[in-house]
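Fold and geometry: a report
Take a look at the letters that make up each chain.
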Amino acid sequence: MHKTNSIIMHAPRAEIFETAANLELWPKILPHYRYIKYLERGTNRNVVLMAATRSCIPISWVSEQIIDREKFEVRFYHLKAFTKGMFVVWSFKETPAGVLVEIAHDLNFRVTVLAPLAESIIGDFFIHHIANRTLQRMKAYLETKGKNCAA
């Protein structure tokens, strides 16, 4: 399974990158994230329990997060739950239109015979939807940060 979500953001690339890397901030700015708990914490590597909702359905997973400031990438490797083994890469590319923020999810399902069903449920219903919502809410946060605007 390969799913990609992207959006153009109008904020400095470094600020977008640091916001994406700062998991403590996510539940404060992304209402669909219930919580993020650190199981291991480091400067550029963390192991976290992440919990979100999709249409009131609670989901959670454990991920290793790698913050690569040289490549401007935030990478996740899912360690537990239905998405165990999934690689997720956030990338940030300067373009004339703004910063293209892309989230790529790659997963080889452990039970290949169930892959088509799993892709439709896990990939389309959960991952694609949550990643789109994450990008939209992060964009709104970054583009209105410090501005007095009504919701």
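First, a word on scope: everything that follows refers to the structure included in this document. These numbers come from a predicted model, not from an experiment.

Cut-off values and rules
- Residues numbered from 1 in each chain as written.
- Predicted model: local features only at pLDDT ≥ 70, side-chain atom pairs only at ≥ 80, totals over all residues.
- Heavy atoms only, no water.
- Helix = DSSP H or I, 4+ residues; strand = E, 2+ residues; numbered from the N terminus.
- Rg over C-alpha atoms; globule rule 2.2 N^0.38 Å.
- Buried < 20%, exposed > 50% of the residue type's maximum accessible area, 1.4 Å probe, protein only.
- Areas by Shrake-Rupley, 256 points an atom, 1.4 Å probe, with all protein chains shown as cover.
- Salt bridge = Lys/Arg side-chain N within 4 Å of Asp/Glu carboxyl O.
- Pairing = 2+ DSSP bridges.
- Contact = heavy atoms within 4.5 Å.
- Polar contact = N/O pair within 3.5 Å; in protein donor to acceptor, adjacent residues only side chain to side chain.
- Core = buried A, V, L, I, M, F, W, Y, C linked by side-chain atoms within 4.5 Å.
- Axes fitted to C-alpha atoms, helices over the stretch in contact; angles between N-to-C directions.
- Phe/Tyr/Trp six-rings, centres within 6.5 Å; stacked < 30°, edge-to-face > 60°.
- Lys NZ or Arg CZ within 6 Å of the ring centre and 35° of its normal.

**As for the overall build of the protein**
Across its full length, the protein holds 3 helices and 7 strands. N-terminal to C-terminal, the α/β element order of the protein is β-α-α-β-β-β-β-β-β-α. The C-alpha radius of gyration computed for the protein amounts to 15 Å, which stays within 12% of the reference 15 Å derived for 151 residues, consistent with globular compactness. The burial tally for the protein puts 41% of its 151 residues in the buried class. Counting every atom, the protein has about 8400 Å² of accessible surface; 56% of that belongs to carbon and sulfur.

**Brief notes about the pattern of salt bridges**
Using the criterion set out here, one finds 7 salt bridges in the structure. Glu-24 is paired through a salt bridge with Arg-41; the nearest N and O atoms lie 3.4 Å apart. Remark: Arg-41 occurs in the loop between strand E2 (33-40) and strand E3 (45-54) and Glu-24 occurs in the loop between helix H1 (13-21) and helix H2 (26-29); sequence separation between them is 17 residues. The salt bridge involving Arg-75 is made with Glu-73; its shortest N-O contact spans 2.8 Å. A single network of salt bridges, built from pairs that share partners, joins Glu-40, Arg-45 and Glu-64.

**Regarding the pairing of E2**
Note that E2 and E3 share 6 bridges and pair antiparallel. Bridging across to E3, Lys-37 finds its partner in Leu-49. With antiparallel pairing between neighbouring strands as the criterion, E2 and E3 make up a hairpin whose turn holds 4 residues.

**Points about the side chain of Thr-134**
Of note, Thr-134 is situated in helix H3 (residues 115-144). The exposure class assigned to Thr-134 is buried, which follows from its relative accessible area of 2%. Filtering out sequence-adjacent residues up to four positions away, Thr-134 remains in contact with Leu-30, His-32, Tyr-33 and Trp-90.

**Here we look at the side chain of Arg-54**
Among the structural elements, Arg-54 can be located in strand E3. One polar contact links Arg-54 to Ser-55, side chain to side chain, over a distance of 2.6 Å.

**A short note on the nonpolar core**
If you look at the biggest cluster of nonpolar residues, it comprises 40 residues, and the most contacted ones within it are Trp-26, Tyr-33, Met-50, Trp-90, Phe-92 and Val-101. The element contributing the most residues to this core is H3, with 8 residues.

**Here we look at the sheet that holds E2**
Ordered in space as E1-E7-E6-E5-E4-E3-E2, the 7 strands form an open sheet in which the pairing is antiparallel. Each end of this open sheet is capped by a strand with a single partner; those strands are strand E1 (2-9) and E2. The sheet shows a mean angle of 25° between the axes of neighbouring strands, taken without regard to direction. On the sheet, H1 packs against E1, strand E4 (57-68), strand E5 (73-78), strand E6 (87-95) and strand E7 (98-106) and is oriented at approximately 165° with respect to E6.

**Section: the packing of aromatic side chains**
Counted according to the given criterion, the structure contains 8 aromatic pairs. Arranged with centres 4.6 Å apart and planes meeting at 40°, the rings of Tyr-77 and Phe-87 form a pair that is tilted. Separated by 10 residues along the polypeptide, Tyr-77 in strand E5 and Phe-87 in strand E6 bring together distant segments of the chain. Phe-87 sits in the partly exposed class, given a relative accessible area of 48%. In textbook terms, an aromatic cluster arises when at least three aromatic residues are bridged by ring pairs, as seen for Phe-17, Trp-26, Tyr-33, Trp-61, Phe-72, Phe-76, Trp-90 and Phe-92. A cation sits over an aromatic face here: Lys-37 above Tyr-35, 4.6 Å from the ring centre. A cation sits over an aromatic face here: Arg-41 above Tyr-38, 3.6 Å from the ring centre.

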